[in-house]
Amino acid sequence: MTFLTESSLKEIADKVAGGERLSFDDGVALFNSNDLNGLGKLADTVRRRQHGRTAYFNVNRHFNPTNVCYVDCKFCGFFRTPRQPDAYTHNIDDSLRIAGQAVSEGATELHITGGLNTKLPFSYFTDLLSSLKQQYPQLHLKAFTMVELDHFTHFYKMRDEDVIQQLIDAGLDSCPGGGAEIFREPTRSMICAHKCDAQRWLDLAGKVHAAGLKTNATMLYGHIESIEDRVDHLIRLREQQDKSGGFQCFIPLAFYPPETQMAHLPGPSGVDSLKTMAVSRLLLDNFAHIKAYWVMLGKRLAQVALHFGANDVDGTITEGGELTESYSVETNNEVRMTKQELIGLIEEAGFEAVERDTVYNRVEKATIA
Ligand code: V47
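Each residue is numbered by its place in its chain's sequence as written, counting from 1. Residue-level local features of this predicted model are given only where pLDDT is at least 70; pairs of side-chain atoms are given and counted only at 80 or more, and the full residue set underlies all totals for whole chains, interfaces and linings. Each side-chain value is worked out from all heavy atoms of the structure, with water and hydrogens disregarded.

Q: Tell me about the packing of aromatic side chains, and name the residues and values.
A: Only Phe, Tyr and Trp rings take part, Trp by its six-membered ring, and two of them pair if their centres are within 6.5 Å. Stacked means planes under 30 degrees apart, edge-to-face means over 60, and tilted covers everything else. If you walk through the whole model with that rule in mind, you get 13 aromatic pairs. An angle of 80 degrees between the planes, with centres 5.4 Å apart, marks the rings of Phe144 and Phe152 as edge-to-face. An identical accessibility class is assigned to Phe144 and Phe152; each is buried. In this structure an aromatic cluster arises from ring pairing among Phe122, Tyr124, Phe125, Phe144, Phe152, Phe155 and Tyr156. Here the guanidinium or amino end of Arg356 rests over the ring plane of Tyr360, the centre of that ring lying 4.1 Å away. Throughout this description, buried means an accessible area under 20% of the type-specific maximum (1.4 Å probe, protein chains only), exposed means over 50%, and partly exposed covers the range between. By the criterion adopted, a ring carries a charge over it if an Arg CZ or a Lys NZ lies within 6 Å of its centre and within 35 degrees of its normal.

See below:
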């Protein structure tokens with residue numbers, strides 16, 4: 001491949017061209033490369049082989065039933081202790097009202113995730129799902145990370161399979177990819193000591209897949225983790241995908257430092273975010289979809305990320321979400337993005353915008369109204 005300027009990249013490019021799986025050392029070499037254009041082109045070649053000019057988006061709404069949490073993650077600006085004045089837990093009526101608003105704005109998905117709140121019974125979560133499903137059967141309920149499922153099993157003393165099945169019976173359609181953070185120790189314990197460990201996160205994902213649901217996967221980068229931590233994370237996800245096959249999308253999450261216990265850190269640079277996107281596409285050869293989460297990347301970088309391996313831009317998220325309220329790199333009214341704006345952003349980048357549902361069925365060919 002003539003566009004590559006470094007010999008290590010040329011060797012990796014040969015492997016990619018031959019459909020050969022990349023190794024841990026290849027991943028480290030890709031991150032250490034200074035040939036940003038070459039790396040982007042390599043990832044873009046793979047992305048276009050799989051998805052052509054298509055870039056997906058969906059119309060969704062993030063909903064956080066509670067911000068009360070005991071976990072105290074160093075990167076989190078969202079959690080509150082029960083006595084803090086802005087701690088909240090939505091009741092079912094509130095939740096239905098918020099979901100109704102999302103539906104009236106054209107949402108096909110509700111992304112539900114929240115704090116680990118020890119004041120709530122398990123029935124709060126099953127009632128939430130079943131009420132939402134009853135009122136809005138057309139709405140896909142993508143709810144609860146592997147960390148929340150782990151909490152449910154321990155706190156309510158239930159078997160993994162029973163937690164998963166009871167949530168499915170109540171209306172759960174799939175699970176979001178949060179809580180993965182960085183799998184490798186000691187980094188994981190340094191940033192989220194009280195969350196379940198990597199193996200537990202992966203095992204639970206496998207169990208959800210075995211129960212027939214899709215889940216997503218994430219990686220939080222740009223804080224104290226090393227390049228080796230990132231590569232290890234991606235390879236563990238790839239191995240789990242080989243085993244259980246139910247991951248549909250990977251989302252690299254750019255750390256946003258303000259209002260967290262790591263606020264002194266700068267967060268990832270634009271170059272680092274583009275490299276991370278490209279390496280994710282190249283290492284995760286068994287993940288169909290790589291998502292540029294514009295809320296964290298910013299709209300402008302998310303647009304460029306479509307040329308660095310991403311084939312999905314999440315989403316037309318409206319107000320009220322954990323990330324939209326507290327963590328967004330975008331400011332004030334820029335946190336909202338209308339469908340027309342998102343389509344324009346994708347088309348300006350040179351791609352065909354396709355609205356999808358949560359499990360990547362086309363909703364319609366998108367056009368600017
Ligand atoms: O697990 C927390 C991350 C995740 C910060 O599945 C932060 O489609 C940046 O997982 N800066 C939750 N990130 C969000 C999440 C997600 C988002 C979008 C789509 C999907 C999906 C999943 O947010 C947490 C953590 O990794 N996070 N704090 C922060 N300060």
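Q: Explain the pattern of salt bridges to me, and be specific about the residues and the numbers.
A: Salt bridge, as used here: a side-chain nitrogen of Lys or Arg that lies within 4 Å of a carboxyl oxygen of Asp or Glu. Going through the model one piece at a time under the given rule, you end up with 24 salt bridges. Ionic pairing is found between Arg236 and Asp232, a salt bridge with its closest N-O pair at 3.2 Å. Taken together, the residues Arg236 and Asp232, both in helix α10 (residues 227-244) and four residues apart, mark about one turn of the helix. Classification of Arg236 by relative accessible area gives partly exposed; the value is 24%. Connected through shared salt-bridge partners, Asp150, Arg159, Asp160, Glu161, Asp162, Arg200 and Lys207 make up one network. Elements are defined by DSSP. Helices are runs of H or I of four residues or more, strands are runs of E of two residues or more, and each kind is numbered from the N terminus.

Q: Tell me about the packing of helix α1 (residues 7-17) against helix α2 (residues 24-32), and name the residues and values.
A: Relative orientation of the contacting elements α1 and α2 amounts to 130 degrees, with a least axis distance of 10 Å. The angle between α1 and α2 places the two elements in the oblique class. Crossing hand, α1 versus α2: left-handed. Contacts from Leu9, Ile12 and Lys15 in α1 reach Asp26, Ala29 and Leu30 in α2. Residue classes in the contact of α1 with α2 are distributed as four nonpolar, no polar and two charged. Simply put, an axis is a line fit to the C-alpha atoms, just over the touching stretch for a helix, and the angle between two N-to-C directions goes from 0 to 180 degrees. Our angle categories are set so that under 35 degrees counts as roughly parallel, over 145 as roughly antiparallel, 65 to 115 as roughly perpendicular, and the remainder as oblique. By definition, turning the near helix anticlockwise from the far helix through less than a right angle yields a left-handed crossing, and turning it clockwise yields a right-handed one. Contacts are assigned to residue pairs that have any heavy atoms within 4.5 Å of one another. Residues are sorted three ways: Asp, Glu, Lys and Arg are charged, Ala, Val, Leu, Ile, Met, Phe, Trp, Tyr, Cys and Pro are nonpolar, and all the rest, Gly among them, are polar.

Q: Hey, could you go over the nonpolar core for me, with residue numbers and the actual values?
A: Definition of nonpolar core: a set of buried residues of the types Ala, Val, Leu, Ile, Met, Phe, Trp, Tyr and Cys, connected through side-chain atoms within 4.5 Å. Of all hydrophobic cores here, the largest spans 119 residues; its most connected members are Ile112, Phe144, Leu149, Leu167, Trp201 and Leu237. Once residues lying within four places of it in the same chain are set aside, the contact partners of Ile112 are Phe63, Pro65, Leu128, Leu129, Leu132, Leu141, Lys142, Ala143, Phe144 and Pro176.

Q: Lay out the environment of Ile92 in plain terms, naming residues and giving numbers.
A: On the secondary structure map, Ile92 appears in helix α4 (residues 92-104). Its relative accessible area of 24% is what places Ile92 among the partly exposed residues. In the structure, Ile92 is positioned 60 residues away from Asn32 in sequence and 49 Å away in space, judged by C-alpha atoms.

Q: Could you give me a rundown of the pairing of strand β4 (residues 140-143), with the residues and numbers involved?
A: Neither face of β4 is left uncovered, since the one carrying His140 and Lys142 and the one carrying Leu141 and Ala143 both have all their residues buried. DSSP bridges decide pairing: two strands pair if at least two such bridges lie between them. As paired elements, strand β3 (residues 109-112) and β4 share four bridges and run parallel to each other. Within the sheet, the bridge partner assigned to Leu110 lies in β4 and is Leu141. Crossovers are described as right-handed under a simple rule: with the strands pointing away from the observer, the path leading from the first strand over the helix to the second runs clockwise. A crossover connection joins β3 to the parallel β4 through helix α5 (residues 122-135); in handedness this β-α-β unit is right-handed.

Q: Quick rundown of the sheet that holds β4? Include the residues and the values.
A: Spatial ordering of the open sheet is given by β2-β3-β4, a layout of three strands whose pairing is parallel. The open sheet terminates on both sides in strands that have one partner only, identified here as β2 (60-63) and β4. The mean inter-strand angle of the sheet, taken between neighbouring strand axes irrespective of direction, is 20 degrees. Where β2 and β3 come together, four bridges link them in parallel fashion. When the sheet's bridge partners are listed, Phe63 is paired in β3 with Ile112. In this fold α4 packs onto β2 and β3, with an angle of close to 160 degrees to the strand it touches most, β2. Its contacts with the sheet place α5 against β2, β3 and β4, and it is angled at close to 160 degrees to β4.

Q: Tell me about the environment of Asp242, residues and numbers included.
A: Counting through the fold element by element, Asp242 comes out in helix α10. Sequence-wise, Asp242 and Val279 are 37 residues apart; in three dimensions their C-alpha atoms are separated by 18 Å.

Q: Tell me about helix α6 (residues 146-155), and please be specific about residues and values.
A: Along an α-helix, a turn takes 3.6 residues, which lines up residues three or four apart on a common side. Within α6, eight of the 10 residues are buried, which leaves it mostly tucked inside the rest of the structure. What α6 keeps buried is the set Met146, Val147, Glu148, Leu149, Asp150, His151, Phe152 and Thr153. Lining the buried residues of α6 we find α5, α7 (160-170), α9 (198-210) and β5 (215-221).

Q: How would you summarise the pairing of strand β9 (residues 352-356) if you had to cite specific residues and measurements?
A: Burial of β9 is extensive: four of the five residues sit out of reach of the surface. Across four bridges, the pairing between strand β1 (residues 54-58) and β9 is parallel. Within the sheet, the bridge partner assigned to Thr54 lies in β9 and is Glu352.

Q: Outline α4, listing residues and values.
A: For α4, spanning 13 residues, the distance from its first C-alpha to its last is 18 Å, which sits close to the expected 18 Å at 1.5 Å a residue. Along α4, the residues that are buried comprise Ser95, Leu96, Ile98, Ala99, Gly100 and Ala102. Turning to α4, the residues buried within the fold contact β2, β3 and α5. Looking at the residues trailing α4, positive phi occurs at Gly106, about 95 degrees. In this scheme, a helix's expected span is set at 1.5 Å multiplied by one less than its residue total.

By themselves, these figures tell us nothing about what the structure is for.
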